[in-house]
Amino acid sequence: MSTPSLPSTPSVPALTSAPSTPAPSPETSASGPPEAPEDLEAPEDLEAPEPGAGARPARPGAARGTRGARGALFVIVTAYLMVGVDSTVVNVALPDIQHDLRFGPTGLSWVLNAYTLAFGGLLLLGGRVGDLAGRRRTLTLGVLLFAFSSLLGGLATDSGWLLAARALQGCGAALTAPSTLALITTNFPEGPRRHHALGVYTSMASIGASVGLVLGGMLTSWASWRWALLINVPIGIAVALALPRAVAETPRHTGRFDAAGALTGTAGTTSLVYAFVRVSETGWGDTRALLGFTTAAALLAGFALVESRAEQPVVPPRLLRDRDRAGAYAGVLLLPAGMFGAFYFLTLITQQVLGYSPLRAGFAFLPMTAAVFLPLRFVPRLLRRVGAKPLLLTGMSLIAVAGGLLTRTGPGVGYATGLLGPMVLMGLGVGLSFMPLNATVLAAVGPREAGAASGLLQTLQWLGGTLGLSVLVTVYGTATRHAAGSPAAVLTEGAARAFGVGALIAVAALLVTALTLTGRRRPDQNSAL
């Protein structure tokens, strides 16, 4: 995902007044990204545009050489890191926000949901805009919009003001996230250099949620909840100023914009995300949720019809004709579905059963974050030697085993004896899985469609996470509806059932990967579309 971005990541809907979950994305971040590996080389020149395509060449001042490649990666990853950290940094501040701006319990959840709707609904469009307008230009616009909306949110004096700022933040994130991944594709050619770049990118996507919890706890405790938003302003400005110096612009491809596809795709995904948000809050019988699902089905069916006939579709259908890429997209959808809910319940258990503060709970996730990093040092080399399939099967197996171990969670659970081992296994599984998934999806995608491929990847990851959270929360509610005992006993009983279903979803991802990926070719051996 990009990873448990995680997605992505972005925040998950608040289900109760309890602290919200870190939503690692497969595709998410740290206070500062590590430098790119020493052996990253200069990006090759971008593919020459077809005659009449209207493409503009990369600017002469674009970074070249090993130092330039490392600088480009640093700036790209920092932009994505800013979005990833924000997925949870605000969650820790929710109680203070509720008090200062006088939110009701239902209204407070929309501090997260407003961002979720805008981000999830506009990802497909954001990816395609980068293809047509230039990805560096789109990324710069997205980063500045994200920084500006963060400033508005940090200065909010009432609830409506903050919700509008959070929705605008989601719009900025939807322009930023697909462009960062697409720029990895166009600045680093297929093979070792791209694999190393994707490894760094994936590691940042994986750690954003836990770092966001720690950073949010520090800022809220030592300063004010407003700094959880205001911290994005100087970072965003610095990234926007560095982008023209460090990152080469991609060619702009002229043509007729697919307005019908953009409208139906954006409306359909927004309706689907809204329906999942309602399910998370009120259950599967909610009338508005059912109406949202019905509307989404109709709009997305229309979207598929429009895309099959469009000259320059938002999502080119040929992206899904490759069996390996289609299988990787399925994995991107299923893995977050099993993991987002697991992170939610782990957060509740650390705070409500173990009695950790939000800040300490954030630190409790750091061993899992470290475990994500461990495989990333050798995954690019293994990817060249054995291909993606063995790595994916191993990583998904570890995630399924971790979910199975968590089903033994009880009211007397200890961090070291009951949670630490499964969390480390899950981190290792993430480190082995998401970088090969990203590489398989982006393999053989030409520069003209890198944004569309990246946007679809992150959209599926986001939808998978929200779907999985809805399913696991429903499982939890069913298991605890008539449960008796202490609050800790009720919580751990329902969470154990949810962990079990999450493990089954990971097994489903494992089976899909085993049956769809051919394993006959490696991500650096494909010919461009």
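What counts and what doesn't
Residues numbered from 1 in each chain as written. Predicted model: local features only at pLDDT ≥ 70, side-chain atom pairs only at ≥ 80, totals over all residues. Heavy atoms only, no water. Axes fitted to C-alpha atoms, helices over the stretch in contact; angles between N-to-C directions. Helix = DSSP H or I, 4+ residues; strand = E, 2+ residues; numbered from the N terminus. Parallel < 35°, antiparallel > 145°, perpendicular 65-115°, else oblique. Left-handed = near helix turned anticlockwise from the far one by under 90°. Contact = heavy atoms within 4.5 Å. Nonpolar A, V, L, I, M, F, W, Y, C, P; charged D, E, K, R; others polar. Core = buried A, V, L, I, M, F, W, Y, C linked by side-chain atoms within 4.5 Å. Buried < 20%, exposed > 50% of the residue type's maximum accessible area, 1.4 Å probe, protein only. 1 Å grid on protein atoms, 1.4 Å probe; cavity = no way out; pocket = protein on both sides within 12 Å on 5 of 7 lines; lining within 4 Å. Points joined across faces, edges and corners; volume = space filled by probe spheres on them. Salt bridge = Lys/Arg side-chain N within 4 Å of Asp/Glu carboxyl O.

Trainee: Just to check I follow, could you spell out the packing of helix α15 (residues 388–406) against helix α18 (residues 487–516) for this structure?
Mentor: Two quantities define a packed helix pair, namely the angle between the axes and the distance from one axis to the other. In contact at an axis separation of 7 Å, α15 and α18 are set at 165° when each is read in the N-to-C sense. By the angle between their directions, the pair α15 and α18 is classed as roughly antiparallel. The handedness of the crossing between α15 and α18 is left-handed. Touching Lys 389, Leu 392, Leu 393, Met 396, Ser 397, Ile 399, Ala 400, Gly 403, Gly 404 and Leu 406 of α15 are Ala 496, Phe 499, Ala 503, Ala 506, Val 507, Ala 509, Leu 510, Thr 513 and Ala 514, all from α18. A breakdown of the residues in the contact of α15 with α18 according to their chemical character gives 14 nonpolar, four polar and one charged.

Trainee: In this structure, what is going on with the nonpolar core? I would like to understand it.
Mentor: The nonpolar side chains of soluble globular proteins are, as a tendency, buried together. In this structure, Ile 97 and Phe 345 are the most contacted members of the largest nonpolar core, which totals 134 residues. A per-element tally of this core places helix α11 (residues 323–353) first, with 14 residues. Excluding its chain neighbours within four sequence positions, the residues that come into contact with Phe 345 are Leu 472, Val 473, Tyr 476, Ala 495, Ala 498 and Phe 499.

Trainee: Which parts of the structure should I look at to understand the environment of Leu 112?
Mentor: Assignment of secondary structure puts Leu 112 in helix α3 (residues 105–133). On the basis of relative accessible area, Leu 112 is assigned to the buried category, the value being 0%. Expressed as a C-alpha distance, the spacing of Leu 112 and Asn 91, which sit 21 residues apart in the sequence, is 7.8 Å.

Trainee: What exactly am I supposed to notice about empty space enclosed by the protein here?
Mentor: Rolled over the atoms, a probe as big as a water molecule pinpoints where empty space is left. Of the volumes computed, that of the largest cavity is approximately 90 Å³. Lining the largest cavity are 14 residues, with Gly 338, Ala 342, Gly 403, Gly 502 and Ala 503 sitting closest to its centre. Elements supplying a minimum of two residues to the lining of the largest cavity: α11, α15 and α18. The dominant element in the lining of the largest cavity, judged by the number of residues it contributes, is α18, at five residues.

Trainee: What exactly am I supposed to notice about the pattern of salt bridges here?
Mentor: Where charged atoms from two side chains of opposite charge come close, those side chains can pair. Scanning the model with the defined rule gives two salt bridges in all. When the shortest N-O distance is used, the salt bridge between Arg 137 and Glu 249 registers 3.5 Å. Of this pair, Arg 137 sits in helix α4 (residues 135–154) while Glu 249 sits in the loop between α8 (232–246) and α9 (259–282); the two residues are 112 residues apart in sequence, bridging distant segments of the chain. A relative accessible area of 40% places Arg 137 in the partly exposed class. The salt bridge involving Asp 286 is made with Arg 278; its shortest N-O contact spans 3.0 Å.

Trainee: Just checking my understanding: could you explain the packing of α4 against α8 for this structure?
Mentor: Relative orientation of the contacting elements α4 and α8 amounts to 165°, with a least axis distance of 8 Å. Classified by the angle their axes make, α4 and α8 are roughly antiparallel. Remark: the crossing between α4 and α8 carries left-handed chirality. For the pair formed by α4 and α8, the contact residues are Arg 136, Leu 139, Thr 140, Val 143, Leu 144, Phe 146, Ala 147, Ser 150 and Leu 151 on the first element and Asn 232, Val 233, Gly 236, Val 239, Ala 240, Leu 243 and Pro 244 on the second. Class assignment for the residues of the contact of α4 with α8 results in 11 nonpolar, four polar and one charged.

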